[in-house]
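Close look at the chain arrangement
Residues per chain, in single letters:
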Amino acid sequence: MARPASGRRGMMPLARLIGRLGGLTAVLVGLTLCAIVQQEVTGRPMAQSATQRSAAAVQSHPAARVSGPPGTTPLIDQVQATVTDQWAELVHSAFGVEKVPQPDVHLIWVDQAGGWAFGTCAVPPPPDVDAMPQVSLFVARRTDETWRIGLAGTEDFGRLLRDAPEAVIPAEQRPLLEQYGTAKSGNPPKGLVLPWHAGQSWTVQSLANTSGLRFAGGDGRVLASGPGRVYRLCAHSPGRGMLLLIHPNGTATEYYQVTDLTRVKDGASVRRGEYLGQVSTDRPCGGPSAQGPAAASFTLLSGDGAVSLDGVEIGGWTLHTDGGSFYADRSGMRVESGNPLLNFGTDPGRSSAPRPPAAPAPRSS
Amino acid sequence: MKHRELSRQVARAGPRRWKVLRAVLLCVILAAVLAGGATDRGSAVVILSRDFLEFYSGVFALVGLSAVVVAGLAASGRFTPVRLRILAQSGHRALAVMSMSFLVVHVLLKVLEQHATMLDVIVPFMGGQERARWIGLGTIAAEMMVLVHVGGVARSRFIGRGRPWAWRVLHLIAYLCWPVAIVHGLNAGRAPKDWVTLSYVACLALVAVAALIRFVLWLRGRGKVRRQAGRVTARTTRHVSGIGAHGIPDEEFWAELKHEAQLWTGSHR
């Protein structure tokens, strides 16, 4: 029987090669696993120069406390104590409870040697209150054995922000964070667009108990409402959490109940219309689990608290949330709560032809 | 003659020396990896690879398992040419090893990540998570997968003792394990994209058809054995069923196999 020259040797060498490849892969995977287990057991080494970014994320959620880098537990505890102490009034007015639920604290960056830390904190609503978590950023400075915590919106935050070394908070993030920390309520940013693909109509409702919106529809892809820098809160696992997008004037938009989040690092800059996540029912910060179909929550925020959406102009629509009812209007058109709202994109005029922005590359799972 | 004995000895001594060398090499690499993981840059790499594996090891284990099933089916199929069957067989084994390694990583990382508990590894449906139902399916699938894999590795022990049927039944569990694993994979974690779901459904359908064909062929082959067995004496019946309870391989198959074997050994007798 005539066979090609290469087939002369039969299939055995190739078969052996395949077998070796399988073994090699298994060995490599095993070695990686050994390294991971070693890191888990010995704890993540804290870089003296604080070169590890996001890597130092420490979970403090009661259900998921893991061993963090040595020396950060007092810091986490202290941030929790500070938040519990300073936000008692805020939490009471937002959730109607006296006892502040345990805050969820994550460190974005720690410089253990220099005694600096930068992170996020979120207070989930109690199990029986359907509301958005209260969130903030903080900068911490260690003096002797105690940490001084500056929560966004306080004077300490601005002071610590100015003193913090470049390694902990990179220069390009500072102006924005400073703006965020000092922005006063009632200062909505200009030029925001609705956070979904232009040309799609999504149903929009006002959130219960919080000044914010809940929306769902179309392809379910939540996009950045404007340019800014993004921070992830309640970051228990990759791709999950709440996104805080701080815009250049210091006001932030907040996106919750989104999953499959963009994998950019904390503090990375995003463009308007960039992919942020997918609508879902995921509430990684805690509190009551979401009811009904997947829908993202959206609020405006500044360092010192929630910003009312009433009168805010987004993508040519003016939002009205006065007196508990919600509607949006645009040059004579009026859309009530629960009805589909068409995203005209960045076009502020009265042309009804939607102009889709550049679509971000589709993400594969 | 002497030369042949000598070369056989060398061949026997070679692998053993290789094995020792390989074990030593592996230990050295392991030590290097552990030492490297303790440095700043190394730990960043480890964190990155952990993130990657947390996200993808389950996917790889499931895709690997699917490929193992397909390769195994191809390797056992009478309709596949012998040369391809040999490739499919080695692919089947290599993929099985890979997918087992990813399964181990997946389970361990999910426990470390606190998405599952140590109890979940052994007992299904007891973790009490929000998705305990789907995670429990994963436990069941993983246990079956380990069972089938161990059975596959220890195949010669079953065959040598005249109990090929025990091995076959054990290995057939794979057909139960795989759909359970797919259901787990599609429901326990992040929501799959539509094309992912569709791919798995298509794969399931194809394998179902192929397995059905295999089953029908087996039934027909068995009928043939029975009919032939009726014609020969009782002693030879035992002999025949010893060759293959799976049906008698036809002449063409043996001829092809012989030819292939000649190609490897280089002999033309």
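This text goes with the structure placed above it.
We now turn to the structure provided with this report. (Residues numbered from 1 in each chain as written. Chains lettered and ligands numbered in written order. Predicted model: local features only at pLDDT ≥ 70, side-chain atom pairs only at ≥ 80, totals over all residues.)

When helices and strands are tallied, chain B shows 11 helices and 0 strands. If you list the helices and strands of chain B from N to C, you get α-α-α-α-α-α-α-α-α-α-α. The buried share of chain B, reckoned over its 269 residues, is 24%. Partitioning the intrachain contacts of chain B with sequence separation of at least 6 by distance along the chain shows that 59% fall at a separation of at least 24. (Helix = DSSP H or I, 4+ residues; strand = E, 2+ residues; numbered from the N terminus. Buried ≥ 20, exposed ≤ 12 C-beta atoms within 10 Å, placed from the backbone. Contact = placed C-beta atoms within 7 Å.)

Residue-level contacts link 39 residues of chain A with 43 residues of chain B. Here the residues of the side of chain A that touches chain B are counted per class, giving 20 nonpolar, 16 polar and 3 charged. (Nonpolar A, V, L, I, M, F, W, Y, C, P; charged D, E, K, R; others polar.)

Residue and element names in this part refer to chain A. Helix H5 (residues 174–182) packs onto helix H4 (residues 155–163) with a crossing angle of 170° between their chain directions and a minimal axis gap of 9 Å. In terms of axis orientation, H4 runs roughly antiparallel to H5. Viewed along their axes, H4 and H5 form a crossing whose handedness is left-handed. On H5, the residues touching Phe157, Gly158 and Leu161 of H4 are Arg174, Leu177, Glu178, Gly181 and Thr182. Of the residues in the contact of H4 with H5, the class split is 3 nonpolar, 3 polar and 2 charged. (Axes fitted to C-alpha atoms, helices over the stretch in contact; angles between N-to-C directions. Parallel < 35°, antiparallel > 145°, perpendicular 65-115°, else oblique. Left-handed = near helix turned anticlockwise from the far one by under 90°.)

This paragraph deals with unusual backbone geometry. A negative phi angle is the norm for most residues apart from glycine, just as the trans form is the norm for most peptide bonds. All names here are of chain A. Notably, Asp260 is not glycine yet its phi reads approximately 55°, a positive angle. Within the secondary structure, Asp260 is located in the loop between strand S11 (258–259) and strand S12 (268–270). Within the chain, Ser331 stands out as a residue other than glycine whose phi angle is a positive 35°. Locating Ser331 in the fold gives a position in the loop between strand S18 (327–330) and strand S19 (333–336). Residue Ser331 is classed as exposed on the basis of its 11 C-beta neighbours within 10 Å.

With 31 residues, helix H1 (residues 12–42) of chain A should reach 45 Å at 1.5 Å per residue; the first-to-last C-alpha distance of 45 Å fits that figure. Residues of H1 of chain A that are buried: Ala15, Ile18, Gly22, Val29, Thr32, Leu33, Ala35, Ile36 and Gln39 of chain A. (Expected span 1.5 Å × (residues − 1).)

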